[in-house]
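Topology and contacts: notes
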Amino acid sequence: MAKLCGWTPKTEHLLHLHDDRKSSSNSSCGGGVVGYDIIDHAFEAQFPDHLLHELCANGWIGGNDNNDRLSPARTALDVNMQSLLGGFLDSNNNDNSSSNIRGDESAFISREERSQSNFHIQYPYLHRLVSSIENTVTNKETDDVNVDSHTEQTIFEFDVSLTSVQLARYNGDAKSGYPRHCDRGMTCAKEYSINHNNSNSNNADNKEENDGGMQRLLTFVYYLTPNDWDAKLDGGALRMYNPSSSLAHDIVKKDDEYFDITPHSGRLVVFRSDIIEHEVMPSNRRERIAITVWLYGQRRIEVHEDHLWKKGKEEEDAIICRDEALPPILNAVLPPPLPMIPEDSTAQKQQQLIKESTIFVAIPSYRDIETFPTIQSLIETSAFPHRIYIGVVFQVDTTSSNNEVEQFTSGKEYTTHLFNKYQWNKQTNLRTITLDYRHATGPCYARHLAQSLHRGEDYILQIDSHMRFRPNWDTYLIHQLDLCHVPSMSVLTTYPPNYDPPYGPGVHAETRGTILVPWKFDKKDGLRQKGRLLNDQLSNDSNCNSNIPCHLFAAGFNFFQSSLLDLCPYDGKLHGLFFGEEISMAVRLYTHGVDLYTPPMTVCYHKWKRNALRKPTAANSSTGGTDEEDDDPTSLGREASLNVVRSQLRGTGRGLGAVRTVKQFEDAIGVDFETRELSPGCENVGLDDDAFVSTSTGQIMIMADADNNNEASDNMANNDVSTVMSLVSQFMGNA
């Protein structure tokens, strides 16, 4: 992908629609067709307000006198008049259907104006929006599909010099909308299903609509609505029609399948201009303002006959051989597998549910070369790779001269290897957002963005970007969560043991579990926690499958049913907060009635040694690029975030539930937040002393602390758990 200015939607995923070349019998959406995606908070929280102010200041949107540059769109009168004139002129090229009747006021921000040398100065926010969108595609995207003895290759060629930008406003009269249509005209779906080529669209809203055979391929809609927009009271939804019903739109007139997208402020909706039919529903009481950006290109299909297909197969085999030369992350160094579910009649139903359940893995990644090895580990060690969906928030230097975006976000060699070996499809199973690291505001915002990539999978696993997994981790976690008293209100979480790249933890890796316990208060009154290593009897007894109650939360490893996202999502407004995110989530979950547990066995491993790129520099020390609690308490709102957490621990902060109280939480973990005192024995979390590895072994704890970050020794043995005690002290939860 090209360099990015803010994020990237799954452009590749949107382009690779195979419904016209594959059977759709097993899918209600035309063979797995997906033609749109939704990205919330595509930019920072204040971006929509700044962009709206910028448009107002430059006269695009006026004040109360409505003195602006927007004009009424195509009305019913316009359609009737064009139809009448068309009759006189015997014109066959005009699309006079009612679907082109619009109730908005709009204007195109011309290419001529956007090409001015000072445009980025006059319109910094609009320029950033458009350039970010343009940079989500390369000049050419390809998609190969094997059909019998030949290969069909779909080629998408983009020309960003033809990008068009439109500002539109619906006045909120509960009447004005835009009937069902396609952004390439009413014939686009039919063209797609019958012809494999792009033919020129006859529909032209203005001079920017049709450019020498280039067609609209991708539509991006960014909403500038009020922050408190209500789906029911305000309306104005963007109704997206199922591509399968769109392909048959000339036959199917009733019971069309659709999905309504609420136009929340800062929401970006992306869809195929040539495939997805959509409709703008009337807004009921307030103005609905949006910026639409269209990317133009050509779509063509090349057919490679048998001899060419064989040549391509030889090249593919060469790729596989090259991929086998990748670091053997999980071959000779595979850690011991986790136990599978017993195959007996009583477990048969659960086995089936476990096999059919889907898992979404949320990963924030900060300039981390270990991200794709982590993804490879997830897939290679899962019992059912096809059901693993991954969402990554890449935080990288998008202006780097050494192409850091490509280095950290492409992972082509890894994903090609996974597809060839495990049929794990990057285009359908990997979703990404790319954020310039200068705009990173700490782990909470990054984890919040990662959760926004969830698309309805049954379970969610939240991890860091530098981890390795034991075989069968997916079935084991689902099984262990199901053993909880109320699985839907439970979370499995802990600090994993250490591993060292590139080869992972190894065959002699630590398999005993760890449990989170209170440790101490820091200088900012924050409660620190540590992980204590459990003994063999609790961890590795095959007859002891019970999870261990634990009231503390590990941000870098937690597993739960996706319904908890609605109850207790990550707070994306806790900017600059590194120490404090975990106790905040712990008290929120507890007061909502959610129980936390640690699995009896180690499920995965974490690289605790600090990422060198996270060290403070002149460039990132004021922009969230470091995990240090620096001397400036106001950096990126850190002090405000800490105050939110302090309020939560006093029982008054946002996000708390009403099922249990903060006082009960204090009693449960043995801590008094007001006096900053820990109760004697609280580090045992209700277990006997002999439940933990003896202190004499030097293998007691795994600490998430940055106070002693100069004391680690890089010369410790890789598989000695005592390594963790020193290495973790260097590390703070990456995001």
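Calculation criteria
Residues numbered from 1 in each chain as written. Predicted model: local features only at pLDDT ≥ 70, side-chain atom pairs only at ≥ 80, totals over all residues. Heavy atoms only, no water. Helix = DSSP H or I, 4+ residues; strand = E, 2+ residues; numbered from the N terminus. Buried < 20%, exposed > 50% of the residue type's maximum accessible area, 1.4 Å probe, protein only. Contact = heavy atoms within 4.5 Å. Areas by Shrake-Rupley, 256 points an atom, 1.4 Å probe, with all protein chains shown as cover. Polar contact = N/O pair within 3.5 Å; in protein donor to acceptor, adjacent residues only side chain to side chain. Pairing = 2+ DSSP bridges. Axes fitted to C-alpha atoms, helices over the stretch in contact; angles between N-to-C directions. Phe/Tyr/Trp six-rings, centres within 6.5 Å; stacked < 30°, edge-to-face > 60°. pLDDT = per-residue confidence, 0-100. Left-handed = near helix turned anticlockwise from the far one by under 90°. Nonpolar A, V, L, I, M, F, W, Y, C, P; charged D, E, K, R; others polar.

The next point concerns the overall build of the protein. Secondary structure summary: the protein contains 22 helices and 28 strands in total. Buried residues in the protein amount to 57% of all 735 residues. Partitioning the contacts of the protein with sequence separation of at least 6, the portion at a separation of at least 24 is 81%. Accessible surface, the protein as shown: approximately 30400 Å² in total, 49% of it carbon and sulfur.

Looking at where Glu 277 falls in the secondary structure, it is placed in the loop between β11 (268-272) and β12 (278-280). On the accessibility criterion, Glu 277 (2% relative accessible area) is buried. Among the polar contacts listed, one links the side chain of Glu 277 to the side chain of Arg 180, at a separation of 2.5 Å.

What follows concerns the sheet that holds strand β7 (residues 178-181). Overall, antiparallel pairing links the 4 strands, which are arranged β7-β12-β9-β10 in an open sheet. Each of the sheet's edge strands pairs with one partner strand only, and the pair in question is β7 and β10 (258-261). For this sheet, the mean inter-axis angle between neighbouring strands, taken without regard to orientation, is 15°. Strand direction decides the pairing type here: strand β9 (residues 238-241) and β10, joined by 4 bridges, are antiparallel. Looking across to β10, one finds that Arg 239 is bridged to Asp 260.

A complete count under the given rule lists 13 aromatic pairs for this structure. Relative to Tyr 125, the ring of Phe 47 lies with its centre 5.4 Å away and its plane at 70°, an arrangement referred to as edge-to-face. Taken together, the positions of Phe 47 in helix α2 (residues 47-57) and Tyr 125 in helix α6 (residues 124-134) put the pair 78 residues apart, joining distant regions of the chain. Owing to a relative accessible area of 26%, Tyr 125 belongs among the partly exposed residues under this scheme. Ring geometry for Tyr 495 and Trp 608: centres 5.7 Å apart, planes at 80°, overall edge-to-face. Of the two residues, Tyr 495 is situated in the loop between β19 (490-493) and β20 (514-521) and Trp 608 in the loop between β25 (604-606) and α20 (638-649); the sequence distance between them amounts to 113 residues. For the residue pair Tyr 495 and Trp 608, the accessibility class agrees, reading buried in each case. Here a set of aromatic residues connected by ring pairs shows up, and it is made of Phe 521, Tyr 590, Phe 665 and Phe 673.

This part is about the sheet that holds β19. Strand order in the open sheet formed by 8 strands is β16-β15-β14-β17-β23-β19-β24-β22, and the pairing between neighbours is mixed. The sheet is open, and its two edges are formed by β16 (430-436) and β22 (548-549), each paired on a single side. As defined by bridge partners, β19 adjoins strand β24 (residues 595-598) across 3 bridges and the pair is classed as parallel. Paired with Ser 490 across the strands is Asp 595, a residue of β24. Where helix α11 (residues 371-381) meets the sheet, its contacts fall on β14 (359-366), β15 (388-396), β16 and β17 (459-463), and the angle it forms with β15 comes to roughly 170°.

Confidence along the protein averages 74 in pLDDT terms, with 67% of residues attaining 70 or more. Note that pLDDT drops below 50 for residues 1-8; the model gives that stretch 46 contacts with residues more than four away or on any other chain. Every residue in residues 16-33 is under pLDDT 50, and counting partners more than four places away or in other chains gives 36 contacts.

The next thing to look at is the packing of helix α19 (residues 581-591) against α20. Packed helices, taken two at a time, are described by the angle between their axes plus the distance between the axes. α20 packs onto α19 with a crossing angle of 35° between their chain directions and a minimal axis gap of 10 Å. Here α19 and α20 pass one another in a crossing that is left-handed. Residues Ile 583, Ser 584, Val 587 and Arg 588 of α19 lie in contact with α20, whose contacting residues are Val 645, Gln 648 and Leu 649. Tallied by class, residues from the contact of α19 with α20 come to 4 nonpolar, 2 polar and 1 charged.

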